[in-house]
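Structural characterization, general
Residues per chain are reported as follows:
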Amino acid sequence: MVRFKNRYVLCEVVSEDPRCRQCIEDRALQLAVRDAITRVHGDYGLACCSISFTVKYLNAYTGTVLLRCRKDSYRLLCSALPFVRYLESRAQRYPCFLNTLHVGGTIRTCQKFLIRYNRTQLLRLLQNCTNEEERQCIQKSLLSCSLTEEQSHSADEEEDDGTETD
């Protein structure tokens, strides 16, 4: 059996309207991306991309989106993403665009990139702080940006699953 290789495209939803991020749903985002692929590449592009195209992760609070598609057609997907101009949700259109941050072969590499990206964004915010309270809050956020905490918690859970260790 041959394994199908996928590509994961990490994007962020950029909008001037703060309600846009709160109202986006994975179904609305998927329809907007498919519509953009159809406009740019036609039926051929839509057929190539829709074989395994899914929205794997959507964080409405941060506007982070993780899209999955086949390795053969990820270039078609990436070339159509700039043509997403709005998201339609609950009979309202919100003007926005998708900023592609990273293309990776696994979800794990996209997570690692997102942590590095968020850390650099927090460092930029730290330089623009006006008072000491904001500075301390951002420094606390910077220190909590790592995957080692998740790994140590998962290791503790594995030990507590009923197996005895010597």
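Each value, and the rule that gives it
- Residues numbered from 1 in each chain as written.
- Predicted model: local features only at pLDDT ≥ 70, side-chain atom pairs only at ≥ 80, totals over all residues.
- Heavy atoms only, no water.
- pLDDT = per-residue confidence, 0-100.
- Contact = heavy atoms within 4.5 Å.
- Helix = DSSP H or I, 4+ residues; strand = E, 2+ residues; numbered from the N terminus.
- Expected span 1.5 Å × (residues − 1).
- Bend = angle between axes of the 7 residues up to and from the residue.
- Buried < 20%, exposed > 50% of the residue type's maximum accessible area, 1.4 Å probe, protein only.
- Pairing = 2+ DSSP bridges.
- Axes fitted to C-alpha atoms, helices over the stretch in contact; angles between N-to-C directions.

Attention shifts here to the confidence of the model for the protein. Averaged over all residues, the pLDDT of the protein is 82; the fraction at 70 or higher stands at 87%. A low-confidence stretch, residues 149-166 stays under pLDDT 50, and its non-local contacts, those more than four residues away or across chains, total four contacts.

Taking 1.5 Å as the rise per residue, helix H2 (residues 26-49) with 24 residues should run 34 Å; its terminal C-alpha atoms sit only 17 Å apart, a clear shortfall. At His41, H2 shows its strongest bend, of approximately 130 degrees. The complete set of buried residues in H2 reads Ala28, Leu29, Gln30, Ala32, Val33, Ala36, Ile37, Gly45 and Cys49. Summarising the contacts, the buried residues of H2 are in contact with strand E2 (54-59), strand E3 (64-70), helix H3 (74-80), strand E4 (86-89) and strand E6 (97-104).

Our focus in this paragraph is the environment of Gly45. Looking at the secondary structure, you find Gly45 in helix H2. On the basis of relative accessible area, Gly45 is assigned to the buried category, the value being 0%. Separated by 31 residues in sequence, Gly45 and Leu76 place their C-alpha atoms 6.6 Å apart. Not counting the four nearest positions on each side in its chain, Gly45 is found in contact with Ile37 and Leu76.

Strand order in the open sheet formed by four strands is E2-E3-E1-E6, with antiparallel pairing between adjacent strands. Every other strand in the sheet has two partners, leaving E2 and E6 as the edge strands with one partner each. Strand after strand, the sheet turns through a mean of 25 degrees between neighbouring axes, direction not considered. Sitting on the sheet, H2 is in contact with E2, E3 and E6, with an inclination near 130 degrees to E2.

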